[in-house]
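What the coordinates show
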Amino acid sequence: MNHHFLIDNIPDGVKYYAASVRQERSTLFTFGIAVLILLTAGVPVTAQTIVLQKFTRADTLRGMLSALRSCYDVSFYDLDIKVDVKRHSISGKNTISYNVVEDFDSLQIDLFAKMKIEKITYNNMELKFRREFNAVMVKFPEQQKKGGSGAITCYYSGMPMIAKSPPWDGGFVWKKDAHGLDWVGVSCEGTGASLWWPCKDHLSDEPDSMSLTFTVPDGLMCVANGTLRSDKRNADGTVTWKWFVSYPINNYNVTFNLANYSHWQDVYVHDNDTLPLDYYVLADNVAQAKTHFEQVKLMLACFEYYFGPYPFPKDGYALVETNYWGMEHQGAIAYGNNYQNNKQGFDYIIIHESAHEWWGNNVTCNDVAELWIHESFAAYSEPLYLECTQGKEAAVKYLVDHRWSISDKYPIIGPYGVNFQGTENDNDMYDKGSWMLHTFRNVLNNDTLFFYILKNIQLHFKLQNISTHELIAYINELAGKNYTFFFDQYLRYPSPPVLEYRTRQKGKDTRLEYRWRTDVKPFNMPLEITDSYQYNFGVVSKTYERIYPTNSWQTLTIHDFDAANFDVNTDLFYVKKREVK
């Protein structure tokens, strides 16, 4: 199949300055606006944008970058634990290496209260510590000086939280395969990695690399992130598996899997580069998996075309069969979709979770309030994969088929500093976010520019944590125009732009009055309108005309236009329309 696209180098656009609108939190208890946190200067807060929700001190300790967390930067984790499958428990230690950002004599790490801390050591000395909910405040005997470095080791044990409905809630999954053999996994997005290992559990701080050591019962293969360094059998009937992650990794991506896995390796070749592909599946599923996973190579080709090279070549790409649906664990993607393609002919879990290697794992948000940077782009990667393999019409149809799930009840961006767990319906972060990106593509009306922006986001912010402000400012720079108003409306308010209009038919001509009704002002997004229906062999097609509404009423007389059939192009723009008198 011919996949021809026009992605040319274009000059940098005019640089625009976008003022930071991040809300700073200084209180430990927050009660009030839970959804609308960022406001554009001068934009009024309307009743529909406010949801009252109570946050506790525990939420703030978990989600806020207090002085006890911002004073140090994690450089390396060395996690070493033993897994007791029979007792559903783990025990071991994690050594946290850090650089001192500001002088301190105390710092905060995180580990759920369900887990017992036996001791914390520093330079062979035991340190004093105290718990407050799931936070642990560690006291040093002397002040740590800015510019220095150090390491503490936390020894711990316990029975970690069990996931009730993985991967939507965090925790361990202790199950058996069809032959009665143990099958163990863990996922913790949202709930937090500190449910099972001690760390600085905040998205803004990733280690530069990480060592993962698991001692498990013999007879089970242990698969974790990164590359396998060794597997050593011990005299007590256990095997110690050592894995190493060569790149920064966000905490919720850290995982391990135990099962009677079969492993095989393939390669993806692009130009002169060869990327190893590792597959770990239950022994009974090898035959169908080898056929089903062939779509990975085409997917990688499409995503590398749109987003640039695979971000983690030293660690390779891996799919690991799990007993839950899926999760974007970096370099060890959890796969549990039972080898099923959707009606479009691809496996949603493979495509979506793999897209996170770029959106979420390579480019990572600073706070879960901005998880749209992960999920909206990954969701839009699905129709892009269809566009790459089946054409733009198939991609648009896919988007339209998923539009029903958008609720428009809450802003996509949540509150900062409280580890916000989302609303009762977080589909908008996925499907509305996907439609927002699709709309922005059509606002630009320049696919060369749009795909240039996508690829350069990946290159410019490679292996970094970023904010919405930083991302939008960079998009503005590349686009050569300030589109902050556009993203503010879609991300920070529940409602998409509403086109208010009224028409008056005069013979064959129509007098059209129109304006945008938005929370963000000024708002001047272009749109396509139509009245024309053409029937070709039973298929209805429409002819569109581009208009440029603002927040002020405009008048346009359109020749040979039927007011009764007035419509907007809902295949390319996610907006609402409202006729007014």
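Data block above holds the structure.
Calculation notes
- Residues numbered from 1 in each chain as written.
- Predicted model: local features only at pLDDT ≥ 70, side-chain atom pairs only at ≥ 80, totals over all residues.
- Heavy atoms only, no water.
- Salt bridge = Lys/Arg side-chain N within 4 Å of Asp/Glu carboxyl O.
- Helix = DSSP H or I, 4+ residues; strand = E, 2+ residues; numbered from the N terminus.
- Buried < 20%, exposed > 50% of the residue type's maximum accessible area, 1.4 Å probe, protein only.
- Axes fitted to C-alpha atoms, helices over the stretch in contact; angles between N-to-C directions.
- Parallel < 35°, antiparallel > 145°, perpendicular 65-115°, else oblique.
- Left-handed = near helix turned anticlockwise from the far one by under 90°.
- Contact = heavy atoms within 4.5 Å.
- Nonpolar A, V, L, I, M, F, W, Y, C, P; charged D, E, K, R; others polar.
- 1 Å grid on protein atoms, 1.4 Å probe; cavity = no way out; pocket = protein on both sides within 12 Å on 5 of 7 lines; lining within 4 Å.
- Points joined across faces, edges and corners; volume = space filled by probe spheres on them.
- Pairing = 2+ DSSP bridges.
- Disulfide = S-S within 2.5 Å.

**A look at the pattern of salt bridges**
Scanning the entire structure with this criterion turns up 25 salt bridges. The partner of lysine 139 in a salt bridge is aspartate 105, with the nearest N and O atoms 3.1 Å apart. Taken together, the residues lysine 139 in strand β9 (residues 135-144) and aspartate 105 in strand β5 (residues 104-110) connect sequence positions 34 residues apart. In this structure, the salt-bridge partner of arginine 502 is glutamate 513, at a minimum N-O distance of 3.4 Å. Taken together, the positions of arginine 502 in strand β25 (residues 498-506) and glutamate 513 in strand β26 (residues 509-517) put the pair 11 residues apart, joining distant regions of the chain. Relative accessible area serves as the criterion here: at 25%, arginine 502 is assigned to the partly exposed category. A relative accessible area of 18% places glutamate 513 in the buried class. Through salt bridges with shared partners, a single network forms among Glu387, Lys392, Arg441 and Asp447.

**Focus: the packing of helix α5 (residues 348-355) against helix α6 (residues 372-390)**
Between two packed helices, the angle of one axis relative to the other and the distance separating the axes together describe the packing. Two numbers describe how α5 lies on α6: the axes approach to 8 Å, and their chain directions differ by 130°. Taken together, the axis directions place α5 and α6 in an arrangement best described as oblique. α5 and α6 meet at a crossing whose hand is right-handed. In this structure, α5 uses Tyr348, Ile351, His352 and Ala355 to contact α6, whose residues at the interface are Glu375, Ala378, Ala379, Ser381, Glu382 and Tyr385. Across the contact of α5 with α6, the residue classes tally to six nonpolar, two polar and two charged.

**A few points about empty space enclosed by the protein**
Under the counting rule described, the total for this entry stands at three cavities of 30 Å³ or more. In this structure, the largest cavity spans a volume of roughly 130 Å³. Taken together, 13 residues make up the lining of the largest cavity; nearest its centre are Arg62, His202, Leu203, Val368 and Asn419. For the lining of the largest cavity, a count of residues per class yields four nonpolar, six polar and three charged. Size it by volume and the second largest cavity reaches roughly 40 Å³. Surrounding the second largest cavity, Phe377, Leu437, Phe440, Phe450, Ile453, Leu454, Ile457 and Ile475 form its lining. Those elements giving two or more residues to the lining of the second largest cavity turn out to be α8 (427-444) and α9 (447-460). The dominant element in the lining of the second largest cavity, judged by the number of residues it contributes, is α9, at four residues. Its residues assigned to classes, the lining of the second largest cavity comprises eight nonpolar, no polar and no charged.

**Quick look at the sheet that holds β26**
The strand order across the open sheet built from four strands is β29-β26-β25-β31, with neighbouring strands paired in mixed fashion. Looking at which strands have only one partner, the edges of the open sheet turn out to be β29 (554-558) and β31 (576-579). Pairs of neighbouring strands in the sheet enclose a mean axial angle of 30°, with direction left out of account. As paired elements, β25 and β31 share four bridges and run parallel to each other. Each bridged residue has a counterpart across the sheet, and for tyrosine 501 the counterpart in β31 is glutamate 579.

**Digging into the state of the cysteines**
Inspection of every chain in the model, using the stated rule, returns one disulfide. Put simply, cysteine 302 and cysteine 388 are joined by a disulfide, and their sulfur atoms are 2.1 Å apart. Looking along the S-S bond of the cysteine 302-cysteine 388 disulfide, the torsion reads about -80°, which is the left-handed sense. Of this pair, cysteine 302 sits in helix α4 (residues 295-307) while cysteine 388 sits in helix α6, and the two are 86 residues apart along the sequence. Comparing cysteine 302 with cysteine 388 shows no difference in burial state: the two are buried.

**Some points on the layout of surface pockets**
Rolled over the atoms, a probe as big as a water molecule pinpoints where empty space is left. Taken as a whole, the largest pocket encloses approximately 1200 Å³ of empty space. Along the wall of the largest pocket there are 48 residues; nearest its centre are Trp168, Asp426, Asn427, Met429 and Tyr430. Among the secondary structure elements, those contributing two or more residues to the lining of the largest pocket are β21 (326-327), α5, α6, α7 (392-402) and α8. In terms of residue count, the dominant contributor to the lining of the largest pocket is α8 (seven residues). Classifying every residue of the lining of the largest pocket by side-chain character gives 22 nonpolar, 17 polar and nine charged.

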